[in-house]
Structures are given as C-alpha cells and as structure tokens.
Amino acid sequence: MMKIMKAQDYEHASRVVANFLAAQVLLKPDCILGLATGSTPLGAYQELVKRHKEGELSFAQVTTFNLDEYFGLPPEDERSYHYYMHYHFLDHLDIRQEQTHLPNGMAENLEAEPKRYDGLMHQAGQIDLQLLGIGLNGHIGFNEPGEIINDTHVVDLTETTIESNSRFFQRSEDVPRKAITMGIGTILRAKKIVMMVTGENKAKALKNTILGPITADVPATLLRLHSDFTIVADAEALSLVQDRLDLAEI
Ligand code: F6R
C-alpha cells in the first residue's frame with residue numbers, strides 16, 4: 001500500500017524522514033538500513049547525526065547497504081558515493097564501519113561486483129527500511145526507465161541522469177557513464193520503503209509515480225506494488241497532485 005505524507009518544506013520533510021529512520025533504529029537496534037545519496041536525504045542525515053550527538057540514538061548495531069555507486073571513482077574521490085556517505089553521515093556515528101556497505105565502483109572485475117554485493121545482502125538478511133530519492137525521469141537507485149532488472153547490476157546512465165549529475169563535476173565529460181545499482185527486485189524486497197521527494201523540479205516525476213500507470217518507463221511506479229511504501233514529500237513536489245488527492249499536511 002502507498003501512503004503519502006505531505007510536509008511543508010524541505011526541513012520539515014527531512015525531520016519526518018529522520019523520524020522514520022530513528023524509529024527503526026530504536027525499535028530494532030540491529031536493523032539493516034538501505035540508504036541513498038543525492039541532495040534529497042542530506043537534511044535527514046544531518047538531523048540523525050544531531051540526534052546521535054545528543055545521545056538519543058545509537059547506530060552501534062546497525063548495518064547499512066547503499067543503493068548505488070559510480071563506476072571508476074575511488075572512495076576518496078569527493079564525488080563518489082562512498083565519500084558522500086562517510087562525509088555526511090557514517091563518519092559521525094558510532095556505527096561499525098565494517099557494517100556499512102556500498103557497491104565497489106573500483107572493482108577489478110566489474111561484472112562480478114553485483115553478485116558479490118547481492119551475496120553480502122543475502123547473508124545479512126532482509127533490509128528493514130529502504131530510503132529512496134527519485135530522479136527527474138522517475139529512476140530509483142540508478143534503475144533508469146525502460147527495463148526492469150531485479151538484481152544488483154551495472155548500468156549505463158542515461159543522458160538525463162548524466163546531465164543532472166554534471167552539477168557535481170567540472171566538465172560533463174567527467175561525469176561517470178556507468179554505475180552499479182541495486183535492482184528493482186532488491187529494492188522491493190525491503191520490509192519498508194520510504195521515498196523522500198522535495199522541490200518543484202520533482203513535481204512531474206512524483207505525479208507520474210502517484211497517478212500514472214505502473215510501468216517500467218517510470219521505475220518509481222513499481223514501488224506501488226510494495227505493501228509498505230511511504231512517500232514523504234513537500235508541498236512543492238506535491239503541487240501537481242494536490243488538487244487530485246486533497247492531502248492534509250502532517
Ligand atoms: C542516489 C540515488 C538516486 C537519487 C536520485 C535523486 O543514491 O540512488 O536515485 O536518489 O537521483 O537525486 P537527488 O536527491 O540529488 O535529487
């Protein structure tokens with residue numbers, strides 16, 4: 001079932017998403033979290049770091065698996081998702097670093113890396129809560145429109161995604177063309193999914209996700225097949241569906 005929670009703005013949405021993650025960790029200290037990068041979850045990560053520093057929340061027993069990683073960027077490269085996760089979140093927690101996982105974009109055998117990553121997830125058990133953002137084209141993780149691949153796999157990024165990511169790179173030629181991502185099946189296997197969507201530029205993708213037909217052309221629509229799927233969005237992101245759904249603010 002899909003649930004939609006309408007927040008006032010980015011800060012409010014960030015607090016709500018932080019609440020989801022914090023509640024999960026409090027209820028099950030040894031939970032497995034599926035995590036995302038990008039600009040969207042930064043506020044939620046900041047809020048969780050704050051709560052940890054205030055002594056409210058321990059991540060000592062938590063395990064994490066990230067959705068995706070670029071191919072060819074080493075962990076110390078500021079633009080890699082490894083760097084992002086450590087810089088913004090993991091390094092500020094009491095989490096055991098060996099319990100934190102991202103696909104290895106520097107794997108010598110790129111073809112073998114998805115299997116290795118799926119193996120690790122399989123060993124750890126079911127993800128309790130998977131956090132997601134959404135791309136302008138409706139992608140989740142780096143599952144781009146058009147094709148459903150269930151397991152972790154290597155992808156060629158689409159032009160839209162490369163363009164949208166080019167803000168982090170000096171030259172668009174520098175944006176990686178390939179990435180490793182959890183598949184749709186991997187994501188749908190999580191017990192609970194929370195997707196955070198903010199800003200006017202996501203309004204169209206969100207409208208398609210909520211009201212459009214369930215199709216591989218908008219990968220996020222497939223989340224509607226999940227039994228516990230919550231969207232936390234701000235008013236701007238919901239601007240194109242507000243009239244149709246009459247959502248009350250939380
Ligand atoms: C990130 C990820 C992507 C982003 C999406 C939105 O790990 O998997 O699907 O969630 O591209 O990115 P932002 O939040 O930067 O708009």
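Above this note sits the structure.
Predicted, not measured: the structure shown is a model, and the values here were computed from it.

## Looking at the environment of Met-106
Relative to the assigned elements, Met-106 resides in the loop between β5 (100-101) and α4 (113-124). Using a relative accessible area of 40% as the deciding quantity, one classes Met-106 as partly exposed. Sequence spacing of Met-106 and Phe-71 is 35 residues, and the spatial spacing of their C-alpha atoms is 6.4 Å. Apart from the residues lying within four places of it in its own chain, the contact partners of Met-106 are Gly-72, Leu-73, Pro-74 and Pro-75.

## What to know about the sheet that holds strand β10 (residues 229-234)
Strand pairs in the sheet, formed through backbone hydrogen bonds, run parallel or antiparallel to each other. Spatial ordering of the open sheet is given by β1-β10-β9-β6-β2-β3-β5, a layout of seven strands whose pairing is parallel. Across the chains shown, the open sheet's two edge strands, defined by having one partner strand only, are β1 (2-7) and β5. Each of β2 (32-35), β3 (63-66) and β5 touches α4; the most contacted strand, β3, lies at about 150° to it.

## Quick notes on the sheet that holds strand β8 (residues 178-181)
One open sheet accounts for three strands, arranged β4-β8-β7; its pairing is antiparallel. Of all the strands in the sheet, just β4 (68-70) and β7 (153-156) have a single pairing partner and so form its edges. Neighbouring strand axes in the sheet, compared pairwise and without regard to direction, differ in orientation by 25° on average.

## Describing the packing of helix α2 (residues 42-53) against helix α3 (residues 81-88)
The angle between the axes and the distance between the axes are what describe a pair of packed helices. Their axes nearest at 10 Å, the elements α2 and α3 cross at an angle of 40°. One way to sum up the angle between α2 and α3 is to call them oblique. The segment α2 lies against α3, with Leu-42, Tyr-45 and Val-49 engaging Tyr-84, Met-85 and His-88. Here the contact of α2 with α3 is built from residues that sort into five nonpolar, one polar and no charged.

## Focus on the nonpolar core
Core analysis: the biggest nonpolar cluster contains 42 residues, and Leu-33, Phe-59 and Phe-89 have the highest contact counts within it. Mapped onto this core, the elements with two or more residues apiece are β1, α1 (10-27), β2, α2, α3, β6 (129-132) and β9 (192-197). Sort the elements by how many residues they give to this core and α1 lands first, with eight residues. Membership of the second largest hydrophobic core comes to 30 residues, among which are Ile-134, Met-195, Ala-220 and Ala-233.

## Some points on helix α7 (residues 203-211)
Taken together, the buried positions of α7 are Ala-203, Ala-205, Leu-206, Thr-209 and Ile-210. Down the axis of α7, the buried set is contained in an arc of 160°. They therefore lie on one face.

So, how was this worked out
- Residues numbered from 1 in each chain as written.
- Predicted model: local features only at pLDDT ≥ 70, side-chain atom pairs only at ≥ 80, totals over all residues.
- Heavy atoms only, no water.
- Helix = DSSP H or I, 4+ residues; strand = E, 2+ residues; numbered from the N terminus.
- Buried < 20%, exposed > 50% of the residue type's maximum accessible area, 1.4 Å probe, protein only.
- Contact = heavy atoms within 4.5 Å.
- Pairing = 2+ DSSP bridges.
- Axes fitted to C-alpha atoms, helices over the stretch in contact; angles between N-to-C directions.
- Parallel < 35°, antiparallel > 145°, perpendicular 65-115°, else oblique.
- Nonpolar A, V, L, I, M, F, W, Y, C, P; charged D, E, K, R; others polar.
- Core = buried A, V, L, I, M, F, W, Y, C linked by side-chain atoms within 4.5 Å.
- Arc of directions from axis to C-beta.

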